[in-house]
Amino acid sequence: MIADDAMALDEKALFAGRPVKIVSNLPYNVGTALFVRWMTTDWQPWWQSLTLMFQREVAERIVAQPDSKAYGRLSVLSQWRADPRILFNVPASAFTPPPKVASAIIHVTPRAPRMEGIDPKSMERVTEAAFGQRRKMLRASLKTLTPKTEELLERAGITPTQRAETVNIDGFCKLALAWQAMNDKA
Ligand SMILES: C[S@@+](CC[C@H](N)C(=O)[O-])C[C@H]1O[C@@H](n2cnc3c(N)ncnc32)[C@H](O)[C@@H]1O
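Residues numbered from 1 in each chain as written. Predicted model: local features only at pLDDT ≥ 70, side-chain atom pairs only at ≥ 80, totals over all residues. Heavy atoms only, no water.

## Some points on the UniProt feature "binding site: S-adenosyl-L-methionine" (unreviewed entry) in the protein chain
Operational definition: UniProt positions are given in the numbering used here, feature names are shortened, and annotations may be inferred rather than shown by experiment. Secondary structure follows DSSP: runs of H or I at least 4 residues long count as helices, runs of E at least 2 residues long count as strands, and numbering of each begins at the N terminus. Think of it in three bands: residues with accessible area under 20% of the maximum for their type are buried, residues over 50% are exposed, and the middle band is partly exposed, with areas taken using a 1.4 Å probe on protein chains only.
Mapped onto this structure's residue numbering, the UniProt feature "binding site: S-adenosyl-L-methionine" (unreviewed entry) falls at Met 1, Asp 5 and Asn 25. Looking at where Met 1 falls in the secondary structure, it is placed in the segment before helix H1 (11-14). With respect to the helices and strands, Asn 25 occurs in strand S1 (residues 21-25). Taking relative accessible area as the criterion, Asn 25 reaches 53% and is therefore assigned exposed.

So, in structure tokens, the structure goes:
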């Protein structure tokens, strides 16, 4: 039993070499931060699976597909090298007293990345920029990454007038790779 701040824990060192399955009813204030950390670790990750309860909207964002309101940074970070799915919903009435929000349990298993050679930090930066201003066209929203957004998008094979939510997971992989290539050249 470890009584500590989950955000301050070095789980990789703690569990070194041992098989790990994370099962947690996460505190919602740090749930997303912990989840992003577990999804952006070195791959194959130090964990074998994640079984987590989230607020239902967050669970829906994790499994969302392109061209939907829920599709965003969490969907891409979760799906480019893992398979997340919602196991079941947990209504507020399952708890006493009932909280204001509905919940859902998700299950995530890692797999090989969709494309090789992507630094997870690049994926974090690219998705942060693209979805940070999700209503804007990518040629504008990606300006927080580079002034050369047209070149970046051309390298990735993405139309500059597209919005982030229309770009599928493969598109984000290409974008991360193109951004890395431009940085390497600079
Ligand atoms: C959603 S509750 C789950 C409680 C219990 N595991 C259960 O399933 O009934 C989340 C728990 O995480 C604790 N918590 C909040 N922030 C934390 C942190 N940074 N590190 C560790 N625990 C934290 C809260 O105090 C709370 O007890």
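That was the structure; now back to the text.
## A short note on the site of the ligand
Defined as follows: Here, proximity means that at least one heavy atom of the residue falls within 4 Å of the molecule or strand. We call two N or O atoms a polar contact when they sit within 3.5 Å, provided that within protein one can donate a hydrogen and the other can accept it, with sequence-adjacent residues counted only if both atoms are side-chain atoms. All accessible areas in this document rest on Shrake-Rupley with a 1.4 Å probe, and a residue is counted as covered only by the protein chains that are shown. All residues other than Ala, Val, Leu, Ile, Met, Phe, Trp, Tyr, Cys, Pro, Asp, Glu, Lys and Arg, Gly among them, are scored as polar; the first ten of these are nonpolar and the last four charged.
Surveying the vicinity of the ligand reveals the residues Asp 4, Asp 5, Ala 6, Asn 25, Leu 26 and Pro 27. The contact in question runs from a nitrogen atom of the ligand to an N or O atom on the side chain of Asp 5, over 2.7 Å. Burial of the ligand by the protein chains amounts to 41% of its free accessible area of 590 Å². Class assignment of the residues belonging to the shell around the ligand gives a composition of three nonpolar, one polar and two charged.

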